[in-house]
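Here's the letter readout for the chains.
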Amino acid sequence: MDRLLPRNLWKPILIAAAIAFAYAGVLARLGRLWWDDENYSHGLLIPFVIGYILWAERGRLAAEPKRPSFWWGGAAIVCGLFGLWAGTAGAELFVQRTSLVLVLAGVAVYFWGFRLLKLVLVPLFLLLLAIPIPTIVFNKVAFPLQLFASRVAVWTMRQFDIPVLRQGNVIELMPLNSTTTKKLEVVEACSGIRSLMTLVTLAVVFAYFTSPARGGGGGPGGGRSDFNLRGWAFWRSFIIVVSAVPIAIVTNAARVSGTGVLARYYGTEVADGFFHSFSGWVVYVVAFLLLFAVGWLLDRVGPSGRGGRRKGGVEKTTKTTDATGDEAGVVGGAPSAAMSSAGATKNT
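Residues numbered from 1 in each chain as written. Predicted model: local features only at pLDDT ≥ 70, side-chain atom pairs only at ≥ 80, totals over all residues. Heavy atoms only, no water.

Participant: Describe in detail a nonpolar patch on the surface, supporting the description with residues and values.
Facilitator: Residues Leu 202, Val 285, Phe 288, Leu 289, Phe 292, Trp 296, Leu 297 and Val 301 make up a contiguous nonpolar surface patch of about 740 Å² in total accessible area. The element that contributes the greatest number of residues to the nonpolar patch is helix α12 (residues 274-301), accounting for seven residues. Tracing the backbone through its elements, the reader meets Leu 202 in helix α10 (residues 193-209). Residue Leu 202 is classed as partly exposed on the basis of its relative accessible area, which comes to 34%. (Patch = residues over 30% accessible without salt bridge, like charges linked within 9 Å, V, L, I, M, F, W, Y side chains within 5 Å. Areas by Shrake-Rupley, 256 points an atom, 1.4 Å probe, with all protein chains shown as cover. Salt bridge = Lys/Arg side-chain N within 4 Å of Asp/Glu carboxyl O. Helix = DSSP H or I, 4+ residues; strand = E, 2+ residues; numbered from the N terminus. Buried < 20%, exposed > 50% of the residue type's maximum accessible area, 1.4 Å probe, protein only.)

Participant: Account for the pairing of strand β2 (residues 170-173), with residues named and values stated.
Facilitator: Where burial is concerned, the two faces of β2 agree: the one with Val 170 and Glu 172 and the one with Ile 171 and Leu 173 are both buried. When strand β1 (residues 164-167) meets β2, the two strands line up antiparallel, connected through four bridges. Residue pairing in the sheet places Gln 167 in a bridge with Val 170 of β2. Where β1 folds back on β2, the antiparallel hairpin that results is connected by two residues, among which Gly 168 adopts a positive phi of roughly 70 degrees. (Pairing = 2+ DSSP bridges.)

Participant: So what's going on with the layout of surface pockets? Which residues, and what values?
Facilitator: The space that makes up the second largest pocket amounts to roughly 680 Å³. In terms of residue class, the lining of the second largest pocket is made up of 10 nonpolar, 10 polar and three charged. (1 Å grid on protein atoms, 1.4 Å probe; cavity = no way out; pocket = protein on both sides within 12 Å on 5 of 7 lines; lining within 4 Å. Points joined across faces, edges and corners; volume = space filled by probe spheres on them. Nonpolar A, V, L, I, M, F, W, Y, C, P; charged D, E, K, R; others polar.)

Participant: So what's going on with the pattern of salt bridges? Which residues, and what values?
Facilitator: If charged atoms from side chains of opposite charge come close, those side chains can pair. Tallied over the entire structure, the rule returns four salt bridges. Arg 60 is the partner of Glu 57 in a salt bridge, and the nearest nitrogen-oxygen pair spans 4.0 Å. When sorted by exposure, Glu 57 lands in the same class as Arg 60, which is buried. The salt bridge partner of Glu 64 is Arg 115, with a shortest N-O separation of 2.9 Å.

Participant: If you had to explain the sheet that holds β1 to someone new, which residues and values would you point to?
Facilitator: Read across the sheet, three strands follow the order β1-β2-β3 without closing on themselves; strand pairing throughout is antiparallel. Where the open sheet ends on each side, the last strands, each with one partner, are β1 and β3 (182-185). Sheet twist, expressed as the mean angle between neighbouring strand axes with direction ignored, is 25 degrees. Helix α9 (residues 135-159) contacts β1 and β2 of the sheet and is inclined by roughly 165 degrees relative to β1. (Axes fitted to C-alpha atoms, helices over the stretch in contact; angles between N-to-C directions. Contact = heavy atoms within 4.5 Å.)

Participant: Could you give an account of unusual backbone geometry, with specific residues and numbers?
Facilitator: Of note, Ala 91 is a non-glycine position whose phi angle comes to about 55 degrees, a positive value. With respect to the helices, strands and loops of the structure, Ala 91 is situated in the loop between α5 (70-89) and α6 (93-111). Classification of Ala 91 as exposed rests on a relative accessible area of 63%. A positive phi angle, near 60 degrees, is found at Asp 161, a position not held by glycine. Judged by its relative accessible area of 69%, Asp 161 falls in the exposed class.

In structure tokens, the structure reads:
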């Protein structure tokens, strides 16, 4: 049975070189965007995370039998290269970048088959999350988030009896010791879309590395990469990733609300400078802790948590039974010893 053995590593190296040559310009522009755009700065870490996952799963990847699908893999490669050409001709960067994910998936299917594709789905998904969405879609998502954060901030401030007026994403309030109203604008950077994309990516990584391994193995190669819709591991990961969306939105709205309340007492200057940066880090920490809490709760209510409690109950019952049996043996042994002693006395 053919396997991805070290002596055959020249093939994937040659394929990687060909893909790198075809996508050199696309990858260079993508790297510059990760460096310059704070909304996608998490993309700088994605290659290292993907590299670690592939290295950790190298044993399973090497042991996976080859079942190449030339038609499906070839079709995916052709569609991906066509997307690269169309995106280049139409100056559409999103199409160019997503075509890379399709080409990589097609290469995996063409040379090794769908089973190996299942093992690399998480790295491919992480790469897809690091690709910037089109600007028109970005704006369609960012502006409603700005309005939501401003509405929550106004509602929170009114709970503190702070007079406030909202016009779209602009909040007007009267700071203490001030004779004029000040405007607090919830700009695009405060919409929460940055924390949303980062937290969703972090949720995928967190769900992958904490996924309950099948077969009793907890380390790499324990079955974490399997894509099984019927398995608890998949639905646990799905819930964690989906929960990252409301967590990111709510924590960002709380940040904007806190800024509005503090602006009432300390002026709108708190929206800039140290507090703005510090509150952003606090929001990330709180959001991750909430994400961790979701994973912990799922582990408690999932099959693994319930199975562990049942197993503990069985062990406790077994120990109790053993102790009871030992006690019965001691009690039952006493009459036997007494009878033996009486018999010995009678014979004497």
